[in-house]
Amino acid sequence: MASDLTERLDEFSVVGKPLIKPDAFAKVSGQTKFADDLALPRMLFGRILRSPHPHARILHVDIDRARALPGVLAVLTGDDLPVKFGILPVSQDEEALAREKVRYVGDPIAAVAATDEWIADEALDLIEVQYKVLPHVMSIDQAIAGGGESIHGSSNVHKAVALEFGDTDEAMRAAEHVREDVVFFEGNTHLPMEQHAAVAQYAADGKLTLWTSSQTPHYVHRALGKVLELPMSRIRVIATPNGGGFGGKSDIFSHELVAAKLAIVTGRPVKITLTREEVFYAHRGRHPVLMKVRTGFTKAGRIRAMQFQSFLDGGGYGSYGVASTYYTGALQATTYAIPRYRFEGVRLFTNKPPCGPKRGHGTPQPRFALETHFDKVADELGIDPVELRLRNLPSPDSRTVNWLRITSCGLVDCIHKVVEGSRFLERRTSMPPGRGLGFAVSSYLSGAGTAIYWNDMPHSEVQLKLDRNGGVALLCGAIDIGQGSDHILAAIVAEVLGVALDDIQLTTADTDLTPIDLGSYSSRVTFMAGNAAKAAAEKVRDRLLTAAARALRCDPDDLVARDRRIYRRTRPEDGLSFAQAVQLAETDGGVVTSTGSYTPPKLAGPYKGSGVGPSPAYSYSAAVVEVDCDQKTGEVRVPEVWIAHDIGRAINPMLVIGQVEGSVYMALGEALMEEQTFRLGLHKFPSLLEYKSPTALEAPVMHTYLVETIDREGPFGAKEAGQGPLLPVIPAVANAVYNALGIRIDEVPITPDKVLKALSEKTKRVGPKSVPTFQFPPLIKADVPEEWKGK
Amino acid sequence: MVPPYKTLLEVLREDLGLTGTKHGCELGECSTCGVLVDGKPFLSCLAMPLDLEGREITTIEGMAAGSAPHPLQVAFAELGAAQCGYCTPAMLLTARALLDRDPHPSRDAIKEALAGILCRCTGYLKIFEAVELAADRAN
């Protein structure tokens, strides 16, 4: 008995187990309070007037009739909120309500607060705006060509970058096989089922509280302080559980600032919930990106050099766009060992809703380019597509040519799992008519190594407070957006303290109460908040063990916290309850509390622009997709998917598989149907009916394989799961369509019209032929890390 | 008295405080607002209360027996079928209507029954598995 116990004490009790997450029962009972579920006494309803023009000067806004409408308590225009803001310090180009100019259909202009939504809507109709309509810019080509008035400043170029690591031209000349491809990835949007909502309250003591469905309450807090010109200590931001985010709620939004201002002006609580149409205008989703990739190989299929160009269609404002631009170039070298690399990228302003981060932020587009490109190269070299990848993988514990540090890398295992599971190599040459198999690989960040605003402080912090009965209060700024971050925090603390998940009480994402977490973006929460939680729990556990050791007259090293007890390893029948240990510690030293913080190591390389790309660890994924194509209708169906993901360690495998399956689903939507396109400056389909996304009927059979590499810096070895598994699926679909029909659709999404067109073309291809002429800035020639010199 | 121009969704959420019923479009496109009317799935955003006099309306708040969750709710929690939880009330009620008329549904029947409700988190698989688990346990 005692020896069984001793053995069990060395195993995990919570980590690695498919346990029910702490918020599960609230969610299945409908008790979870989302932002729009909140109602406060005397609450008013806010609505926002939006531009009907894609590009226009605002000549005059007349709000007199709206203000006179009974039931209307306030009307705001841009002059009421004149301070500009933006999520990145380098792109402070937005106004809560546009003052001089509108830049896309849906750009906010004015706002009202009224006693009900119908009156608020009526009031919007009474606001008269005079515009001078300007020519609008709706494509990358138009934006580069210029001509009319620029959208911002003196040109439509938002950001242009050019980096080179080693002499790629020289390496390209030495290569035995060079191929160039041009592909396009159309933009699409997050489509969370919950529309964004915010409730603001301004109390008599001059304190503002904002409840908002935000992935980034800390950044909203900062923006409110700036725009409202209030000290941050007078502002409290509480993020409500997000009804889906996917990156779409990680920016600062007009309605958050406007609700706050309306609450201040009226002295009454104000709620603004976006309509579904408005969510399409809020956007910040996937950038349309045109790409040119050129790679030189040896005859044996080893990469000598790569030159990559990306052209991003950014929409009307900066948002995260500078980071997005760099991300289209950063992770090529974490997926493949590339000895010489050049990246040129440009983001253009267009008169569309602003683009920003969507699941995979800036990396699904280049992944599509690279993985279809590699498939074509494999054909030309007569090497099978799996073998071509295997010859070019990065090593664990290595550094890329663009200075990104790789720790664990399980890509080889991921590849073997999906290739063997699907019998890819045996089956792909003998598929029935219309059927095909495609393969692709990818890598992703476990959190950005640098914060959005420059500072040296921790990225994530956790505070614990233990009560005399053994309960554990856990406070952290992280917000659960459905990915299960509440569970990860609780599981890590429960594991370290040897208590049950039920013993943990979570308070999250409340800027008055919780220490900082930068937000639920960048796949950072498990890694960073998880490490902070682990550090806090270990500190307080050590204090409990010290107190218990004194009472038990033994060495603290002989003690282990488990089963809500403190055991002696050598005499497990001796020990104390967890609550007794807390009481002893409290008797000794007062309040039993601890904090833990996580600051990522400084990983940026020695060149300008090195801040985007570094991460404390990278996850890896591989996928095989089977397609079933109808040559008459052009329809592509996906009956089966094999996906493997290097998670480092699965803190909760059920939640990890949930993230993987959700990523595959979202990728299939992007690959086959989802697109955000425009006509005459208008969004073609800002509705859930017309913006096509996969339903239950399209759900394929999925085989998910988790590969555990136990990353040395991740909490218990864990890495990310929320974004990486999306990446290989889109190009795997394109490669499968080629395998099935012999056609190349070099343009996402792969819709039936494109399939039919490619089948009828001599080239058997649909896609862009070239990239526009654009003068990139002079190359920043960075040093190559020591290990790549002479290669 | 409820104003006659309000939809069932608005009356449930705003007048009765039953905020477990969600909304994703208020245009009948996403089914997030699904409730049961006389045991059958119904879009509350398109329904007018005046048309429903004398009918029995079940929302997610009425799914548990007191504080004991319905077997479907337990299965959804156990299998991680609710990620963000926003489409979950409509999924659960629709699944309940399915199991009431077909206690042993095939995977295809489950897909068909839930096809109108959009979920952006799960990829639907865990939801299918949870419905199957609840059905298995009932037998």
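Residues numbered from 1 in each chain as written. Chains lettered and ligands numbered in written order. Predicted model: local features only at pLDDT ≥ 70, side-chain atom pairs only at ≥ 80, totals over all residues. Heavy atoms only, no water.

S.K.: When you look at the overall build of chain A in this model, what are you seeing that I'm missing?
M.R.: Scanning chain A from N- to C-terminus turns up 21 helices and 34 strands. In terms of overall dimensions, chain A is globule-like: its C-alpha atoms have a radius of gyration of 27 Å, near the 28 Å expected for 791 residues. If one aligns the C-alpha atoms of chain A with their principal axes, the spans along those axes are about 85 × 75 × 50 Å. The buried share among the 791 residues of chain A stands at 67%. The long-range share in chain A, meaning contacts at least 24 apart out of those at least 6 apart in sequence, stands at 81%. Taken as two groups, the 88 positive and 95 negative side-chain charges of chain A have centres that lie 3 Å from each other. (Helix = DSSP H or I, 4+ residues; strand = E, 2+ residues; numbered from the N terminus. Rg over C-alpha atoms; globule rule 2.2 N^0.38 Å. Buried < 20%, exposed > 50% of the residue type's maximum accessible area, 1.4 Å probe, protein only. Contact = heavy atoms within 4.5 Å. Lys, Arg positive; Asp, Glu negative; His and termini not counted. Charge placed at Lys NZ, Arg CZ, Asp CG, Glu CD.)

S.K.: I keep staring at the interface of chain A and chain B and nothing clicks. Help me out?
M.R.: Where the parts come together, the accessible area they lose is often given as the size of the interface. Chain A puts 50 residues into the contact, and the matching count from chain B is 46 residues. In total, about 3,900 Å² of surface goes out of reach between chain A and chain B, with carbon and sulfur atoms giving 60% of it. The tally of links between chain A and chain B comes to 5 salt bridges. Here A:E674 makes a salt bridge to B:R120, at a shortest N to O gap of 2.8 Å. Linking chain A to chain B there are 24 residue pairs in polar contact (both at pLDDT 80 or more). Going through the elements one at a time, helix 2 (24-28), helix 4 (117-126) and helix 19 (653-672) of chain A are the ones with two or more residues in the side of chain A that touches chain B. With 8 residues, the top contributor of residues to the side of chain A that touches chain B is helix 19 of chain A. For the side of chain A that touches chain B, the class distribution of residues is 22 nonpolar, 17 polar and 11 charged. (Buried area = accessible area lost by both parts, 1.4 Å probe. Salt bridge = Lys/Arg side-chain N within 4 Å of Asp/Glu carboxyl O. Polar contact = N/O pair within 3.5 Å; in protein donor to acceptor, adjacent residues only side chain to side chain. Nonpolar A, V, L, I, M, F, W, Y, C, P; charged D, E, K, R; others polar.)

S.K.: What is the right way to look at the sheet that holds strand 3 (residues 57-58) of chain B in this model?
M.R.: Where strands meet in a sheet, backbone hydrogen bonds hold them as pairs that are either parallel or antiparallel. Residue and element names in this part refer to chain B. The strand order 2-1-3 describes an open sheet built from 3 strands, whose pairing is antiparallel. In this open sheet, the two strands that pair with only one neighbour each are strand 2 (40-43) and strand 3. Note: strand 1 (residues 34-37) against strand 3, 2 bridges, orientation antiparallel. Bridged to L36 within strand 3 is T58. Packing against the sheet, helix 3 (residues 88-101) makes contact with strand 1, strand 2 and strand 3, and its axis sits at approximately 35° to strand 1. (Pairing = 2+ DSSP bridges. Axes fitted to C-alpha atoms, helices over the stretch in contact; angles between N-to-C directions.)

S.K.: Teacher, can you tell me more about helix 1 (residues 8-15) of chain B here?
M.R.: Helical periodicity: at 3.6 residues per turn, an α-helix aligns residues three or four positions apart in one direction. Burial of helix 1 of chain B is extensive: 6 of the 8 residues sit out of reach of the surface. Within helix 1 of chain B, the full set of buried residues consists of B:L8, B:L9, B:E10, B:V11, B:L12 and B:R13. Considering only its buried residues, helix 1 of chain B is in contact with helix 4 of chain A together with strand 1 and strand 3 of chain B. Once helix 1 of chain B ends, the next one or two residues include B:G17, with phi positive near 70°.

S.K.: How should I be thinking about the sheet that holds strand 23 (residues 565-568) of chain A in this particular structure?
M.R.: Residues and elements named next belong to chain A. Taken together, the 3 strands give an open sheet; going across it, the order is 22-23-24, and neighbouring strands pair in antiparallel fashion. Looking at the sheet topology across the chains shown, the edges are occupied by strand 22 (559-562) and strand 24 (575-577). Ignoring which end each strand starts from, the neighbouring axes of this sheet average 20° apart. Pairing between strand 22 and strand 23: 4 bridges, direction antiparallel.

S.K.: How do you make sense of the pattern of salt bridges when you look at a structure like this?
M.R.: Side chains that carry opposite charge are capable of pairing whenever their charged atoms lie near each other. All names here are of chain A. Across all of its chains, the model carries 69 salt bridges over all chains by this definition. Of the charged contacts in the structure, one is a salt bridge between D251 and R284, with a shortest N-O distance of 3.4 Å. With D251 in the loop between strand 11 (235-239) and helix 8 (254-266) and R284 in the loop between helix 9 (276-282) and strand 13 (289-297), this residue pair connects regions lying 33 residues apart in the sequence. Residue D251 shares its accessibility class with R284, and that shared class is buried. A network of salt bridges, in which partner residues are shared, links R179, D181, K376, E380, D746 and R765.

Note that all results are geometric; they support no functional claim without further evidence.
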